[in-house]
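Descriptive analysis of the structure
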Amino acid sequence: MMQENVKPARAVSQTQKRLARQRAIAMRSIMKHGLEEMRKNVLQREFVGFEMCYNLFCEYYADLLKEEDNG
């Protein structure tokens, strides 16, 4: 009978399992924080864009009203 070169399964200690779980939790936390930051930045840019458009509209409308009063 030929013996195959099969490596024995490596025993994983409880400490290694715990450390792997902690690393996974830390990575999820980092990714979640990054996504929250990106979402906050996008919302902030959208609000600033909306605010600029609103202000331009107000100025334009005010100018139209002035022209009507003068004309």
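This is a predicted model, so every value here is computed, not measured. Just so you know, the residues in each chain are numbered from 1, in the order the chain's sequence is written. Local features in this predicted model are restricted to residues whose pLDDT is 70 or higher, and side-chain atom pairs enter the listing and the counts only when it is 80 or higher, whereas totals over whole chains, interfaces and linings include all residues. Side-chain numbers come from the whole structure's heavy atoms, not from hydrogens or water.

So, on to the overall build of the chain. Helix and strand definitions here come from DSSP, where helices need a minimum of 4 consecutive H or I residues and strands a minimum of 2 consecutive E residues; each element is numbered from the N-terminal end. Along the backbone of the chain there are one helix and zero strands. Relative accessibility decides the category of a residue: with a 1.4 Å probe and only protein chains considered, values under 20% of the type maximum give buried, values over 50% give exposed, and everything between is partly exposed. Out of the 71 residues belonging to the chain, those deemed buried represent 0%. With the model as given, the accessible surface of the chain reaches about 7500 Å², and the carbon-plus-sulfur share is 60%. The protein chains shown are the only cover counted for residues, whose accessible areas, like all others here, come from Shrake-Rupley with a 1.4 Å probe.

Taken together, the side chains of F47, V48, F50, M52 and Y54 present a nonpolar region at the surface, about 560 Å² in accessible area. Tracing the sequence through the fold places M52 in helix α1 (residues 14-70). Patches in this entry comprise residues that are over 30% relatively accessible and not in a salt bridge; like charges within 9 Å are linked, as are nonpolar side chains (Val, Leu, Ile, Met, Phe, Trp, Tyr) within 5 Å. One speaks of a salt bridge when a side-chain nitrogen belonging to Lys or Arg is within 4 Å of a carboxyl oxygen belonging to Asp or Glu.

Using the criterion set out here, one finds one salt bridge in the structure. With its nearest N and O atoms 3.6 Å apart, the salt bridge here joins K40 to E37. On the criterion of helical spacing, the pair formed by K40 and E37 is a turn pair, its members being three residues apart in helix α1. Since its relative accessible area comes to 45%, K40 is described here as partly exposed. Overall, E37 belongs to the partly exposed group, its relative accessible area being 30%.

Our next topic: the packing of aromatic side chains. Centres within 6.5 Å are what make two rings of Phe, Tyr or Trp a pair, Trp counting through its six-membered ring; a difference in plane orientation under 30 degrees is then read as stacked, over 60 as edge-to-face, and the rest as tilted. Counting across every chain of the model gives two aromatic pairs. Relative to Y54, the ring of F50 lies with its centre 6.3 Å away and its plane at 20 degrees, an arrangement referred to as stacked. In this pair, F50 and Y54 are both assigned in helix α1, four residues apart and thus about one turn of the helix distant. Aromatic pair F57 and Y61: ring centres 6.0 Å apart, planes at 15 degrees, arrangement stacked. Separated by four residues within a single helix, F57 and Y61 lie in helix α1, roughly one turn from each other. For Y61, a relative accessible area of 45% puts it in the partly exposed group.

Take a negative patch on the surface next. Charged-residue counts in this description rest on Lys and Arg as positive and Asp and Glu as negative, His and the chain ends being excluded. Throughout, a charge is located at the NZ atom of Lys, the CZ atom of Arg, the CG atom of Asp or the CD atom of Glu. On the surface, a cluster of negative charge is made up of E59, D63, E67, E68 and D69. Turning to its location among the elements, D63 is positioned in helix α1. With a relative accessible area of 41%, D63 lands in the partly exposed category.

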